Amino acid sequence: MEENRAKAVIEAVLFAMGESVEISKLAHVLEWNEQEIRVLVDKMNASYAKDDRGIYIMELENSYQLCTKPELYEYLIKIAKAPRKYVMSDTLLETLSIIAYKQPVTRLEVEKIRGVSCDHAVNKLLEFNLIQELGRLEAPGRPLLFGTTEEFLRTFGVKSLGDLPMLDPEQIEDFKKQAEEEAELKVEI
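A short tour of the structure in this document, coming up. Quick caveat, the model's predicted, so the values are computed rather than measured.

1. Re the overall build of the protein chain
Step number 1: Summing up its helical and strand segments, the protein chain has 9 helices and 6 strands in all.
Step number 2: For the protein chain, with 189 residues in total, the buried portion stands at 24%.
Step number 3: Considering only residue pairs separated by 6 or more positions, the protein chain has 45% of its internal contacts joining residues 24 or more positions apart.
Step number 4: Carbon and sulfur atoms form 54% of the exposed surface of the protein chain, whose accessible area is close to 13300 Å².

Right, here's the structure in full:
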């Protein structure tokens, strides 16, 4: 294998793995011997240093790991401490509103209302810390109960769940009609 291609393979493997990879495994993948891998990684590190790149390849007990240069950690810390911004799709907002108004609620109850699986949406909302597990329902299978968090209140600028807008019966009927129309469209497709 040509040297530039081998460098690209090493970078790709180390980046994708995100942890240390044994030199013997790299040698096997490239069909080179371990000494040739060591020489190539030394060349790569020299190139990274010469070009003032933000990465280097660290050796750890017969393994290599792609790492950030220690002198750049202060910038990583700034990014890590920055508040995360997340994108709320219509699916996430719909799932979140059901949980907010019906809490405590099980995933199955949310799915009955939405008419589709909500696994991904619930997992994303948990990841965003907008909902949390509140316990388990005393029923067969003991399903998890979900509710909103303080982060939800902060994000949407409400002091308590009582401050959420109330839906009037006319709005509820409109929502039901929209849901039925959507369900009919899905059946037709």
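There is more to say after this.
2. Description of the pairing of strand β2 (residues 55-59)
Step number 1: Where β2 lies against strand β3 (residues 63-68), 5 bridges are found, and the strand directions are antiparallel. Bridge assignment links Ile 57 to a residue of β3, and that residue is Leu 66.
Step number 2: In sequence, β2 turns back onto β3 through a hairpin of 3 residues, with Glu 61 there showing a positive phi of about 40°.

3. Quick word on a nonpolar patch on the surface
Step number 1: Residues Tyr 73, Leu 76 and Ile 77 make up a contiguous nonpolar surface patch of roughly 280 Å² in combined accessible area.
Step number 2: By the secondary structure assignment, Ile 77 is in helix α4 (residues 73-81).

4. As for the side chain of Thr 149
Step number 1: With respect to the helices, strands and loops of the structure, Thr 149 is situated in the loop between β6 (144-148) and α8 (150-156).
Step number 2: Note on Thr 149: relative accessible area 7%, which makes it buried.
Step number 3: Discounting residues that sit within four places of it in the chain, Thr 149 has contacts with Asn 129, Leu 130, Ile 131 and Gln 132.

5. Some remarks on the pattern of salt bridges
Step number 1: Evaluated as defined, the whole model comprises 10 salt bridges.
Step number 2: Put simply, Lys 43 and Glu 3 hold a salt bridge, and the shortest N to O gap is 2.9 Å. Taken together, the residues Lys 43 in helix α3 (residues 34-50) and Glu 3 in helix α1 (residues 3-17) connect sequence positions 40 residues apart.
Step number 3: Note that Arg 142 is salt-bridged to Glu 138, the shortest N-O span being 2.8 Å.
Step number 4: Under the relative-accessibility criterion, Arg 142 is labelled partly exposed at 37%.
Step number 5: Overlapping salt bridges bring together Glu 3, Lys 7 and Lys 43 as one network.

The rules behind these values
Each chain carries its own residue numbering, running from 1 in the written order of its sequence. Predicted model: local features are reported for residues with pLDDT of at least 70 only, side-chain atom pairs are reported and counted for 80 or more only, and whole-chain, interface and lining totals are derived from all residues. Computation of side-chain values: all heavy atoms of the structure, hydrogens and water removed. Put simply, DSSP marks the helices as runs of H or I at least four residues long and the strands as runs of E at least two long, and each gets a number from the N terminus on. To sort residues, take the accessible area from a 1.4 Å probe on protein chains only and compare it with the maximum for the residue type: under 20% means buried, over 50% means exposed, and anything in between is partly exposed. Whether two residues touch is decided by their heavy atoms; if any such pair falls within 4.5 Å, the residues are in contact. Here the accessible surface of atoms and residues is derived via Shrake-Rupley with a 1.4 Å probe, and residues count as covered only by protein chains that are part of the display. Should DSSP find at least two bridges between two strands, the strands are regarded as paired. For patches, a residue must show more than 30% relative accessible area and have no salt bridge; joins then use 9 Å for like charges and 5 Å for nonpolar side chains, namely Val, Leu, Ile, Met, Phe, Trp and Tyr. Only one rule defines a salt bridge in this text: a Lys or Arg side-chain nitrogen within 4 Å of an Asp or Glu carboxyl oxygen.

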